[in-house]
Amino acid sequence: MAQSVAQPTAAPTAPPATLPLKDIAPWAVFGGVLMLVLLYFIGAEQGAVALVSGEGVHEWVHDARHLLGYPCH
């Protein structure tokens, strides 16, 4: 008795989609500004350059400061 084996067929593949730089640039700038703001609040928001008075922001980002290697006390 002969057995038949199905031969794999090559499925047509679509070319990868390309994104123009002008579509990505606004999101990249937004992400960069957001990262700089977060870096400020984690790294420098205390003492003489504080934008927010009190220790509230410092206490919220305290563990992140230590995780990233910033000294704070």
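Shown above is the structure to which this text applies.
Below or above, wherever it landed, is the structure these notes cover.

The rules behind these values
Residues numbered from 1 in each chain as written. Predicted model: local features only at pLDDT ≥ 70, side-chain atom pairs only at ≥ 80, totals over all residues. Heavy atoms only, no water. Helix = DSSP H or I, 4+ residues; strand = E, 2+ residues; numbered from the N terminus. Buried < 20%, exposed > 50% of the residue type's maximum accessible area, 1.4 Å probe, protein only. Areas by Shrake-Rupley, 256 points an atom, 1.4 Å probe, with all protein chains shown as cover. Contact = heavy atoms within 4.5 Å. Phe/Tyr/Trp six-rings, centres within 6.5 Å; stacked < 30°, edge-to-face > 60°.

1. Regarding the overall build of the chain
Each helix and strand in the chain was counted, giving 3 helices and 0 strands. The order of α-helices and β-strands along the chain, N terminus first, is α-α-α. Residue burial in the chain is summarised as follows: out of 73 residues, 12% are buried. For the chain, the accessible surface area stands at approximately 6600 Å², while carbon and sulfur atoms represent 70% of it.

2. Re the environment of I42
Mapped onto the elements, I42 comes out in helix α1 (residues 21-43). Separated by 18 residues in sequence, I42 and W60 have C-alpha atoms that sit 9.0 Å apart. Residues within four places of I42 in sequence aside, it is in contact with V61, A64, R65, L68 and Y70.

3. What to know about the packing of aromatic side chains
In this structure the tally under the stated criterion is 1 aromatic pair. Between the aromatic rings of W27 and F30, the centroid separation amounts to 6.2 Å while the plane-to-plane angle is 90 degrees, which identifies the pairing as edge-to-face. In this pair, W27 and F30 both sit in helix α1, 3 residues apart, roughly one turn of the helix. Among the residues examined, F30 registers a relative accessible area of 49% and is labelled partly exposed.

Read these as spatial facts, not as claims about activity.
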